[in-house]
Amino acid sequence: MTESIAVLGATGSVGMQALEVAAHLGIRVDAIAAKRTIKLLEMQIRAHSPRFCAVIDEDAARRLREAVSDTNTLVLGGADAILEMIQLTDADTVLNAVSGISGLRPTMAAIAANKKLALANKESLVAFGETVMAEAARRGVEIAPVDSEHSAIEQCLRGNRHEDIRRLILTASGGPFFNLGKKELDSITPREALAHPTWTMGKRITIDSATMMNKGFEVIEAHHLFGISPEKIDVLVHRESIVHSMVEYNDSAVIAQMSVPDMKLCIQYALTNPGRYTSPVNRLNLASVCTLSFFEPDKKTFPLLPLAYDSIKRGGVVPAAMNAADEAAVELFLIGKIGFGDISSAVCEATARCADIKSPTLEQVEAADAEAREYVYGLVR
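Quick caveat: nothing in here was measured; it's all calculated off a predicted structure. (Residues numbered from 1 in each chain as written. Predicted model: local features only at pLDDT ≥ 70, side-chain atom pairs only at ≥ 80, totals over all residues. Heavy atoms only, no water.)

### Description of the sheet that holds strand S8 (residues 165-172)
- Strand order across the open sheet formed by four strands is S9-S8-S10-S11, with mixed pairing between neighbours. The open sheet is flanked by strand S9 (233-237) and strand S11 (254-258), the only strands paired with a single partner. Here the average twist between neighbouring strands, direction ignored, is 20 degrees. (Pairing = 2+ DSSP bridges. Helix = DSSP H or I, 4+ residues; strand = E, 2+ residues; numbered from the N terminus. Axes fitted to C-alpha atoms, helices over the stretch in contact; angles between N-to-C directions.)

Structure representation (structure tokens):
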């Protein structure tokens, strides 16, 4: 079990829940990091007394430094503050909940520092998964997935042989627009798209759930995390969000992990596996659920899911470009610059024009990210 933790992205949804879980388990919080939300950071410093706090925005770091001058927390500021903090902390686990491609370098830094990595940053595996997993294996670093789907898969795999896996089955809620057609999606507003039926998440991941792009990302992550070819990774829409994912074995047995939809359970398992401890999550009452339903995803209406499978086959920098294009398109949708249906169109266009660069360097991944992002912004201009 983790004894001390560094939480990157501490002011986001996953980061705040991670601090709650750490307090519940009595895990020492040695370091926290965020971009610029200093009021919340100050509250977290006073509540958890970390030795270090990294703030990307230098002006925000200066103001936080003044606000917590009466504490023993060292506030680091600047673009490389998180990387510096990872070197300084004695935490045995780094939980990376940083949003976006900016979480990739902290992932590599945590691996280089031989820290256990509780990974909630999708981009680390979507954009650079082959290298991340290879470097972690070379150093003997454990990567514990924090996403509910990958946490579920890891739990279903425990105690079984890898060669006995027939397929992984990732479940998807279907978002708020399940059973709608393409024409009906054109008039969707940001407010409607942010109304997720079962999960409370950040804005981008909520929109990605509505377009099923998020499930495409999870297929890529599962491919890297578990060493399973994409042909053996299926997606089923499961509206109740009780079954978080399943593994089918060669003998046709299917093992599923079930719980109420609450990220704190996934976070806790990442910090305590293989141990199981009392958690702050409500118990599952199956009698009250009554029905568990499953449906094939509508890949014609939601083309970003098949696009993700195609990006795995192309490999190289293509998944990074797809991710960047999606982030830019979601941003434009949320500020009213494009329609909901335009998200898929923009991402497909940007991904199609991406160059095929195999075995890319980190710099090439970041360049592909920037180019795809700029292309999507250019569509609006």
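That shown, we press on.
### Digging into the environment of Leu76
- Its location among the elements puts Leu76 in strand S4 (residues 74-77).
- For Leu76, a relative accessible area of 8% translates into the label buried.
- A sequence separation of 11 residues divides Leu76 from Arg65, and the C-alpha atoms of the two residues are 8.4 Å apart.
- For Leu76, the residues in contact, after removing those within four places along its chain, are Cys53, Ala54, Val55, Ala61, Arg65, Ala81, Glu84, Met85 and Leu88. (Buried < 20%, exposed > 50% of the residue type's maximum accessible area, 1.4 Å probe, protein only. Contact = heavy atoms within 4.5 Å.)

### Some points on the environment of Thr89
- With respect to the helices and strands, the residue Thr89 is situated in the loop between helix H4 (81-88) and strand S5 (93-96).
- Separated by 24 residues in the primary sequence, Thr89 and Ala113 place their C-alpha atoms 9.8 Å from one another.
- The contacts of Thr89, once residues within four sequence positions are left out, are Ala6, Asp30, Ala31, Arg51, Phe52 and Lys115.
- A distance of 3.0 Å separates the side chain of Thr89 from the backbone nitrogen of Ala91, its partner in a polar contact. (Polar contact = N/O pair within 3.5 Å; in protein donor to acceptor, adjacent residues only side chain to side chain.)

### Let's talk about the packing of aromatic side chains
- All chains considered together, the criterion is met by three aromatic pairs.
- For the pair Phe177 and Phe340, a centre-to-centre distance of 5.2 Å together with 80 degrees between the ring planes defines the contact as edge-to-face. Placement of Phe177 in the loop between S8 and helix H8 (182-185) and of Phe340 in helix H16 (residues 340-352) is noted, with a sequence separation of 163 residues between them.
- A residue is classified by how much of its surface remains accessible, and Phe177, at 4% relative accessible area, is buried.
- A ring pair is formed by Phe333 and Phe340, whose centres lie 5.6 Å apart and whose planes are at 70 degrees; its orientation type is edge-to-face. Each member of the pair, Phe333 as well as Phe340, carries the same accessibility label: buried.
- Members of the aromatic cluster, joined through ring pairs, are Phe177, Phe333 and Phe340.
- Its guanidinium or amino end placed over the ring of Tyr309, Lys299 lies 5.6 Å from that ring's centre, counting from NZ or CZ. (Phe/Tyr/Trp six-rings, centres within 6.5 Å; stacked < 30°, edge-to-face > 60°. Lys NZ or Arg CZ within 6 Å of the ring centre and 35° of its normal.)

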